[in-house]
Amino acid sequence: MRINDPNLLKGLAELGVELRPAAKLSELTSLGIGGTTDLLRITKHESIPGLLQLLGENHVPHKFLGGGSNLLVNDGELPWVILQLAPPEPGVVLEGNLAHVDAAADLGRTVTFCAKHDLGGMEGLIGVPGTVGGALRMNAGAYGMQIGSYVREVKLCRAATRKIDTLRGHQISFEYRHTSFAADDMMLAVILELPSKPYNEILKGIRICNEKRRSSQPLGQKSAGCIFKNPLGASAGRMIDELGLKGLSVGDARVSDRHANFFVNTGRASAKDMLALIADVRERVHKAYGVALENEVVVWNA
Ligand code: EPU
């Protein structure tokens, strides 16, 4: 979708929102898949309610993009524009055991920064790609921890009211790869309360998680992490592996040879290829185990 109405362009400029025309989602997602649309870059949180109102008045549909690391986007010209927060400087400000983190901050860098200041707890998240906002929205977790456990407060823009709001941790429900945020609420910032731990000890934990991840996940390849959520008490990866589906491909979309719940783009996979592979694997697992696997990857195919 292209924005070229002069009044709308003027309104965006007045709000300090930068227009990046014809952004390629294949370059903005870790899967390397996705078509083209205009991208609006937001530098000030305060401009968001005005921006949402402006887009609403001009009937411009939009979606919020975080780090693009858990996302499968349709091919071709996309029928909505993308909103993205500009990476903050600095992304993290510490105050005792509290870390004030901008949602656009890189998750891995945030974990490392806190570790260097003797704040731990998030070691398991070290290799998880994406932004802190993205991790928050889906309650990212690994190796026995999840980000939701450390959330004290979240600043967000409510989709329903277009207002900036602050929620205390106890007002949000964090479950396995699921939160009580509305699908189009926009995460803006978070306060994490982290346990004190000496840097050396945190580093040991980080190294162990890194090693586990390197030995079991296809880190060098284009993927969106795990495609499916794990069903209660089971592992989607193990089930897909047991069915002998590693290496199963549709075009350049392929079930990883290393971890069967990672589907990788080995070259120029299209969204259509990846969606067909997901549907095929889901059906085979359903037939064999009677389990309907639920997507962990977020799909924008409208
Ligand atoms: N397994 C296989 N074959 C495979 C993959 C796994 O047999 O191809 C077996 C493993 O040997 C192990 C069991 O399945 O016995 C579980 O595997 P793993 O430890 O790799 O964990 P997972 O359940 O597949 C989850 C998260 C990962 C996270 C790891 C480590 C989900 C959907 N996945 O994977 O998160 O990194 O645990 O904590 O919850 C993600 O969410 O994108 C993600 C990568």
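Up top is the structure.
Definitions and limits used
Residues numbered from 1 in each chain as written. Predicted model: local features only at pLDDT ≥ 70, side-chain atom pairs only at ≥ 80, totals over all residues. Heavy atoms only, no water. Helix = DSSP H or I, 4+ residues; strand = E, 2+ residues; numbered from the N terminus. Polar contact = N/O pair within 3.5 Å; in protein donor to acceptor, adjacent residues only side chain to side chain. Contact = heavy atoms within 4.5 Å. Buried < 20%, exposed > 50% of the residue type's maximum accessible area, 1.4 Å probe, protein only. Arc of directions from axis to C-beta.

Quick look at the side chain of Asp-38 now. Among the secondary structure elements, Asp-38 is positioned in strand E2 (residues 36-42). Among the polar contacts listed, one links the side chain of Asp-38 to the backbone nitrogen of Ile-3, at a separation of 2.7 Å. Apart from the residues within four sequence positions on either side, Asp-38 is in contact with Met-1, Arg-2, Ile-3, Leu-19, Arg-20, Pro-21, Ala-22, Val-81 and Ile-82.

Now for helix H3 (residues 107-116). What H3 keeps buried is the set Leu-107, Gly-108, Thr-110, Val-111, Cys-114 and Ala-115. For H3, the angular spread of the buried residues around the axis is 165 degrees, confining them to a single face. Of the exposed residues in H3, those oriented more than 90 degrees away from the buried face are Arg-109 and Lys-116. The inward-facing, buried residues of H3 contact strand E6 (92-95), strand E7 (98-102), helix H4 (132-138) and helix H5 (199-216). The backbone nitrogen of Gly-108 has a side-chain oxygen 3.2 Å away, supplied by the residue at the start of H3, namely Asp-106. Residue Asp-118 follows H3 closely and has a positive phi angle near 60 degrees.

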